[in-house]
Amino acid sequence: MMKELGKAMQFICSLEFWRMAVFWTLSLLVSYWHLLFALKSKSFPRCAPATSPIKPVCIITGATSGLGAAAAYALSKEGFCVVLVGRSSHLLSKTVGEIKRLNKDAHLKAFQVDMSSFQSIFNFKGSLQQWLLDSNMHPSVQLLINNAGILATSYRLTAEGYDQMMATNYIGAFCLTKLLLPLLRNSPVPSRIVNVTSFTHRNVFNMQVDKETVSGNCFSRTKSYPCSRIYENSKLCLLLFSYELHRQLSLMEKSHRVSVIAVDPGVVETKIMRELPSCLSCVAFTVLKLLSLLQSPERGIRSILDAALAPPDISGVYLFGGKGRTINSSALSHNSKLARELWTTSCDLFLQSQLAVKVKETSTST
C-alpha cells in the first residue's frame, strides 16, 4: 500500500500527470463543444451490413477487453463473422466464450497477434488468408477496426527497435492496414477501415514526422518518459493516416470502393490506464463519472458502430458522441502536407520492417 501511494505521489508531481489532468480534460470539453455548438456537424444513419453474396468478415484488434470486446459482440449480432485479434490467447478464449454465451449464433475466429510486432502482424496476414481458404470463404475482408492501443508509462523497445506505444497505437495499425488492403479491395461489396483515435490529439500543435519521431526513438533520449505526449502523437498520427488513406483511396477506381472513418469514443472505462497507479486511475474514473463524462464500453462503442454501419459512401470523416455525429478534428490533423510526409515515413518503416522479416526468414531457412 505504501509503495503504491509513493508511486502515486511521484506521478502527481510529474508534468505528465498535469498534462493528462488539465489538457486532456480541456481537449475532451472542446470535442463536446464542437458536438453541441458547431454549425457544420453532420450525422449519418446506420445501415445493415451487406450479407449477400457473402457473409461479411470484420477484423477487430485489441478485442480481448473494453471497446474491442464490446464491439466484437455487437457486430456479431449484426451478422458479421468477427475475427478477434489480441495479444493473450487466454483472454481471447475467454472473450470468445463470453460472446458465444450471449449470442449462440455468433460466428467467431480468434488470432493471437502482438500489434507492436511487424513479424506477428505479417504472420497474422498469412494465417488469416489460410483460414479464409480452409473455411471456403471469399478471399476478402469487409471491415477492419484498428482499435488496439496502450498507455505505457516507461520506454520499451519492440523487436524492430520502435517505442512500444507508438508501435502498438500507430505503426502496427498502419502496417496491418497496408497488408490487408488487397483483401479489403477484393471485397465484392463496399469495405471499410475504422481507426479508433482520441480527443487527446488536440493537444498536439506541432509535430515532426521523421523516422525518429514516428518510431518513438527520439524519446529514448529524454530524462523521463513523456507518456502523455507520445500517446497524443500516436493518436494524431492515426488521424492523419486516416485522412491521407481516404484521399488516396478516393483517387482509385470506384469498383474497389474502400472507405475510411476515424472515430473518437470519448472517455471509456477500460484497462487503458492499467500502468498508472491504481488509486489515481480510480479517482480519475470517479471524477469523470460524477461529471457524466465516463462511459461503459457498451456505451462507448456507439461511435465505432456508427462508423462500421455508416452508408458505404461515407468516408474521410471524424465521428464522436454517438448517433452518427461528426465533428471537426484539430487543425493540425487536416494538414495535408504533414499527412503526406507521415505517409512517406510510415511506408519507409513498413518496408524496413518487411525487409527485416524476409532477411530473418531467409537466414532461418538456410
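The shown structure was predicted, so the numbers you read here are calculated from the model rather than taken from an experiment.

Caption draft 1: Structural detail: the packing of aromatic side chains. Applying the stated rule across the entire model yields 15 aromatic pairs. Measuring from ring centre to ring centre gives 6.1 Å for Phe-11 and Phe-17, while their planes differ by 80°; the resulting arrangement is edge-to-face. The exposure classification of Phe-11 matches that of Phe-17, with both residues buried. Taking the centre distance of 6.2 Å and the plane angle of 55° together, the rings of Tyr-155 and Tyr-225 count as tilted. Residue Tyr-155 is located in the loop between β4 (143-146) and α6 (164-185), and its partner Tyr-225 is located in the loop between α7 (211-214) and α8 (227-250); the two are separated by 70 residues in the primary sequence. With a relative accessible area of 11%, Tyr-225 lands in the buried category. In textbook terms, an aromatic cluster arises when at least three aromatic residues are bridged by ring pairs, as seen for Tyr-170, Phe-174, Phe-241 and Trp-343. One Lys or Arg, Lys-109, reaches over the ring of Phe-111 and ends 5.5 Å from the middle of that ring. Lying across the ring of Phe-350, Lys-178 places its NZ or CZ 5.5 Å from the centre.

Caption draft 2: Region of interest: the packing of helix α3 (residues 66-77) against helix α4 (residues 89-102). Where α3 contacts α4, the two axes come as close as 10 Å, and the packing angle between them is 35°. The two elements α3 and α4 cross, and the hand of that crossing is right-handed. The residues of α4 that touch α3, namely those facing Ala-69, Ala-72, Tyr-73 and Ser-76, are Thr-95, Ile-99 and Leu-102. Of the residues belonging to the contact of α3 with α4, the class tally is 5 nonpolar, 2 polar and no charged.

Caption draft 3: Just the pattern of salt bridges, in detail. Inspection of the entire model under this criterion finds 7 salt bridges. Residue Arg-101 is joined to Glu-98 by a salt bridge in which the shortest nitrogen-to-oxygen separation is 2.5 Å. Remark: Glu-98 and Arg-101 occur in helix α4; sequence separation between them is 3 residues, near one turn of the helix. Note that Arg-221 and Glu-212 form a salt bridge whose closest N and O atoms lie 3.2 Å from each other.

Caption draft 4: Expanded view of the environment of Ser-187. Locating Ser-187 in the fold gives a position in the loop between α6 and β5 (191-196). On the basis of relative accessible area, Ser-187 is assigned to the buried category, the value being 9%. Apart from residues no more than four positions distant in its own chain, Ser-187 is found in contact with Ser-140, Val-141 and Gln-142. Separated by 2.6 Å, the side chain of Ser-187 and the backbone oxygen of Val-189 make a polar contact.

Rules used throughout
- Residues numbered from 1 in each chain as written.
- Predicted model: local features only at pLDDT ≥ 70, side-chain atom pairs only at ≥ 80, totals over all residues.
- Heavy atoms only, no water.
- Phe/Tyr/Trp six-rings, centres within 6.5 Å; stacked < 30°, edge-to-face > 60°.
- Buried < 20%, exposed > 50% of the residue type's maximum accessible area, 1.4 Å probe, protein only.
- Helix = DSSP H or I, 4+ residues; strand = E, 2+ residues; numbered from the N terminus.
- Lys NZ or Arg CZ within 6 Å of the ring centre and 35° of its normal.
- Axes fitted to C-alpha atoms, helices over the stretch in contact; angles between N-to-C directions.
- Left-handed = near helix turned anticlockwise from the far one by under 90°.
- Contact = heavy atoms within 4.5 Å.
- Nonpolar A, V, L, I, M, F, W, Y, C, P; charged D, E, K, R; others polar.
- Salt bridge = Lys/Arg side-chain N within 4 Å of Asp/Glu carboxyl O.
- Polar contact = N/O pair within 3.5 Å; in protein donor to acceptor, adjacent residues only side chain to side chain.

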